[in-house]
Amino acid sequence: MPPDQNTTDANQGCGQRLRIAREAAGLTVPDVATRLRMPVRVVESLEAEDWSRLGAPVFIRGQLRSYGRLLGLGTEAVHIASGVDPIRPVELTPRTYVPRMRIIAEQSARRLVYVVITAAIALPVWLATQPHLVSQDTVSGSLDVPVEIPGASVSQGSRGPTPLVASMAPVAQRPVLLVPPAANGLELRLAEDSWVEITAPDGSVVEQVLLHAGAVRAFDAGEVGGVVLGNASAVDVRRNGVEQDISPYLRANVARFTVSSDGSLAPPGP
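If you're wondering where the values come from, they're calculated on a predicted model, not measured in any experiment.

## Quick notes on the packing of helix H3 (residues 40–48) against helix H4 (residues 57–71)
As a packed pair, H3 and H4 sit with axes 11 Å apart at the nearest point and diverge in direction by 90 degrees. Classed by the angle they form, the pair H3 and H4 counts as roughly perpendicular. Where H3 approaches H4, its residues Val42, Val43, Leu46 and Glu47 are matched on the opposing element by Gln63, Leu64 and Tyr67. Among the residues forming the contact of H3 with H4, the class breakdown is five nonpolar, one polar and one charged.

## Looking at the environment of threonine 258
With respect to the element layout, threonine 258 can be found in strand E11 (residues 254–259). Through-space distance from the C-alpha of threonine 258 to that of glycine 226 is 4.1 Å; in sequence the pair is 32 residues apart. Once residues within four sequence positions are removed from consideration, threonine 258 is found in contact with Gly225, Gly226, Ser264, Leu265, Ala266, Pro267, Pro268 and Gly269. Within the local environment of threonine 258, its side chain forms a polar contact with the backbone oxygen of proline 267, the two atoms lying 3.4 Å apart.

## Things to note about the nonpolar core
Side chains that are nonpolar tend, in soluble globular proteins, to be buried together. Within the largest apolar cluster, 21 residues are counted, with the highest numbers of intra-cluster contacts made by Leu188, Val227, Leu229, Val237, Ile246, Phe257 and Leu265. Taken together, the elements giving at least two residues each to this core come down to strand E3 (186–190), strand E4 (194–199), strand E5 (205–211), strand E7 (226–230), strand E8 (235–239) and E11. Dropping the residues within four chain positions of it, leucine 188 is found in contact with Val196, Ile198, Ala215, Val216, Arg217, Phe219, Leu229, Val235, Asp236 and Val237. Counting residues in hydrophobic clusters, the runner-up holds 19 residues, among them Ala21, Met38, Trp51 and Ile60.

## Looking at the pairing of E5
In this sheet, E5 lies alongside E4 in antiparallel orientation, the contact comprising six bridges. Following the sheet pairing, tryptophan 195 is matched in E5 by leucine 210.

Calculation rules
Residues numbered from 1 in each chain as written. Predicted model: local features only at pLDDT ≥ 70, side-chain atom pairs only at ≥ 80, totals over all residues. Heavy atoms only, no water. Axes fitted to C-alpha atoms, helices over the stretch in contact; angles between N-to-C directions. Helix = DSSP H or I, 4+ residues; strand = E, 2+ residues; numbered from the N terminus. Parallel < 35°, antiparallel > 145°, perpendicular 65-115°, else oblique. Contact = heavy atoms within 4.5 Å. Nonpolar A, V, L, I, M, F, W, Y, C, P; charged D, E, K, R; others polar. Polar contact = N/O pair within 3.5 Å; in protein donor to acceptor, adjacent residues only side chain to side chain. Core = buried A, V, L, I, M, F, W, Y, C linked by side-chain atoms within 4.5 Å. Buried < 20%, exposed > 50% of the residue type's maximum accessible area, 1.4 Å probe, protein only. Pairing = 2+ DSSP bridges.

Dropping the structure here:
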């Protein structure tokens, strides 16, 4: 019977204890390697206490434990004799306490920075695609004036002062033409809302207004010198009733072109 931890000299190293117990059990190094499914060199290193060939301490202690159990030796005594440091649990460092209000303030600050950066990037892009935002097609101030009925006799004394009633109904700057424009004239038909700027050949502003879907504008030949159309894809431009191609003057859905004296369209000047 192999000696146990009580019959082994306490001054012996773990390697010597393992070798003596193996020989007492009548086992060779290859026999131990076969039973423990270890390489022969590992068994030899354990008996020679050559820990440098066996890797980390956790593996050494596991191999010593298996070898000791095979020979009936006390595991703890073998570990103590080996001098291999025991496995120590990882020491947890306490986390510094951060007040909840500070966390909320830091999160709010990060979100605010994100919003400011987003606005700084998006606002110029939006303004570039919407260069004209002020609508000028609604002018309040029309007056409702009573109309006299022909043939009605009303005495001056009984008439009294004529009341003036202010109306809030929008008044278009130019009437919608329901008749064909003059020869070589320019006509705009809107399928959707669009901002329109019309200038005369001398550069003066003829019309600068936000027109709504369904509106029609017509201009005589020689009246228009330059045109700017926002949301240009929704505007049908006609010359003498014939639809004109404005794609050469279109950029970012804004069309800019000039109108020659004969009514033909041309790119804007430099």
